[in-house]
Amino acid sequence: ENTDIHLYPKNKIKTEVSKELLDDAGNPVTNDTAVDYEIGKKITYRVGFTIPNQIGELVTKDGQETPRYTALNLKDAVTQTGLKFEGIDKIVVGAGDTTDIKTDFLSHSTPKYTNAADDFSGYAGFEIKMNLDPQNLDEAKETADYLKQYAGKTIYIYYAVSFTDKTPVDTTVDNKFTVEVGHDGQTDKKETDDAPAIITGGKKFFKHEAGKETQALQGAEFKVYKVVDKKKLYLKQGENTISWTENQVEATVYTSDKFGQLQVTGLSFGTYYLQETKAPNGFQLLEKDQEFEIKEGSFNVANQLSIAN
């Protein structure tokens, strides 16, 4: 008679992983269409995953006790290059808990961040591998023992990315979160990209002589502004950042090139104005500021706005 029988539930990830885009108030964004942001704006996400119930268990293998779970890897990345990874803000247990466990949690892992501070040629995101590799048995046991306090609980990671000068304009950017778990000689993987896509906009302009639609004008200077609460706020564009100022002197100057072309990029959707501050040699300043709209598709050359002097 065999009395030494152990029954275990199937070691699968029992709940779906989750991914949400959060607004400035920390609430999930439920848009069906891409959400627009300007360069430099922190774009915050929340990803969630459930810690397996048996994460802290030890099994005997080749006469030696080793953690049942040999891997818990978390990976998140955007689908376009040119974005910046702004960092992990906090890690909490349960959506309603405010206790930040980030420091302790990451101390039991090997984290890797892409595009935290470089040329932004990679896909911004993170990869967190919990230290469960049985090749480092003492460390694996310590990590399993740490994680068992969260068995069956949902962990939420809050982190942010932002658009940079190298982000593709007028291109939707998706984001995928993947959880990979190794146990009992097998690997389970769950992933989600349920969060809304994000996007930044822009506009192309063509400066030409009035009545001569193909005669490009070089050297025209412009400033961009928007109207908020009846105030003109001028665009001040820095490296990978945008700000708005009431002081026109601080505003960024955009100049038409020898082909009469200029462009403004990295703006959120909305209505803006182009104010000519210097006309090409031999021409007069525009009498009226040029209104234009940033929206999805507005950066397409087919939607280029012609401006005649």
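The residue count restarts for each chain, going from 1 along the sequence in the order it is written. Totals for whole chains, interfaces and linings use every residue, but because this is a predicted model, local features are given only for residues with pLDDT of at least 70 and side-chain atom pairs only at 80 or more, for both listing and counting. Calculation of side-chain values draws on the structure's entire complement of heavy atoms; hydrogens and water are dropped beforehand.

(A) View of the pattern of salt bridges. Here, a salt bridge means any side-chain nitrogen of Lys or Arg that lies within 4 Å of a carboxyl oxygen of Asp or Glu. For the structure on display, the rule yields 11 salt bridges. Each member of the salt-bridge network shares a partner with another, and the members are Glu57, Arg68 and Asp184.

(B) View of the side chain of Glu38. Mapped onto the secondary structure, Glu38 falls in the loop between strand S2 (35-36) and strand S3 (43-50). In this structure Glu38 touches Phe163, Thr200, Ile242, Trp244, Gly266, Leu267 and Ser268, once residues within four positions along its chain are discounted. Counting from the N terminus, the helices are the DSSP runs of H or I reaching at least four residues and the strands are the DSSP runs of E reaching at least two. Contact between two residues is taken to exist if any of their heavy atoms lie within 4.5 Å; hydrogens are not considered.

(C) Molecular detail of the side chain of Asn73. Here Asn73 shows up in strand S6 (residues 69-78). Non-local contacts of Asn73, meaning those with residues more than four positions away in its chain, are made with Ile128, Lys129, Met130, Thr178, Val179 and Glu180.

(D) Local environment of the environment of Phe120. Mapped onto the elements, Phe120 comes out in the loop between strand S8 (109-114) and strand S9 (125-130). Burial here depends on accessible area, computed with a 1.4 Å probe over protein chains only, as a share of the maximum for the residue type. Under 20% is buried, over 50% is exposed, and the range in between is partly exposed. The exposure class assigned to Phe120 is buried, which follows from its relative accessible area of 10%. When the C-alpha atoms of Phe120 and Gln284 are compared, they prove to be 42 Å apart, with 164 residues separating the residues in sequence. Apart from residues lying up to four places away in sequence, Phe120 is in contact with Thr81, Gly82, Leu83, Lys84, Asn115, Thr164 and Asn240.

(E) Representation of the sheet that holds strand S10 (residues 154-163) within the structure. Two strands qualify as a pair provided DSSP detects at least 2 bridges between them. Strand order in the open sheet formed by four strands is S1-S3-S10-S7, with antiparallel pairing between adjacent strands. Looking at the sheet topology across the chains shown, the edges are occupied by strand S1 (18-22) and strand S7 (83-93). Averaged over neighbouring strand pairs, the angle between their axes works out to 20 degrees when direction is ignored. Two strands pair when backbone bridges link them, and S7 and S10 are joined in this way by nine bridges, in the antiparallel orientation. Bridging from a neighbouring strand, Ile91 pairs with Ile157 of S10. Lines fitted to the C-alpha atoms define the axes, with helices restricted to the stretch that makes contact. Angles between their N-to-C directions range from 0 to 180 degrees.

(F) Looking closely at the nonpolar core. Buried Ala, Val, Leu, Ile, Met, Phe, Trp, Tyr and Cys residues that are joined via side-chain atoms within 4.5 Å together make up what is termed a nonpolar core. Residues Phe49, Leu74, Phe105 and Ile198 are the most contacted members of the largest nonpolar core, which totals 61 residues. Setting aside its immediate chain neighbours within four residues, Phe105 contacts Phe49, Leu74, Ile91, Met130, Tyr146 and Leu147.

(G) Structural context of the packing of aromatic side chains. For Phe, Tyr and Trp, where Trp contributes only its six-membered ring, two rings pair if their centres lie within 6.5 Å, and the inter-plane angle classes them as stacked under 30 degrees, edge-to-face over 60, or tilted in between. Across all of its chains, the model carries 12 aromatic pairs by this definition. Taking 5.1 Å as the distance between ring centres and 15 degrees as the angle between the ring planes, the aromatic pair formed by Tyr225 and Tyr273 counts as stacked. Note that Tyr225 is positioned in strand S16 (residues 221-228) and Tyr273 in strand S21 (residues 270-278), a separation of 48 residues in sequence. With centroids separated by 5.9 Å and ring planes inclined at 25 degrees, the aromatic side chains of Tyr272 and Phe292 adopt a geometry described as stacked. Placement of the pair is Tyr272 in strand S21 and Phe292 in strand S22 (residues 290-294), with a sequence separation of 20 residues. In terms of burial, Tyr272 and Phe292 fall into one category: buried.

(H) Highlighting the sheet that holds S8. In space, the five strands of this open sheet follow the order S8-S9-S6-S11-S12, with antiparallel pairing throughout. In this open sheet, the two edge strands, each paired with only one partner strand, are S8 and strand S12 (186-192). The mean inter-strand angle of the sheet, taken between neighbouring strand axes irrespective of direction, is 10 degrees. Pairing geometry for S6 and S9, over five bridges, is antiparallel. Paired with Lys75 across the strands is Glu127, a residue of S9.

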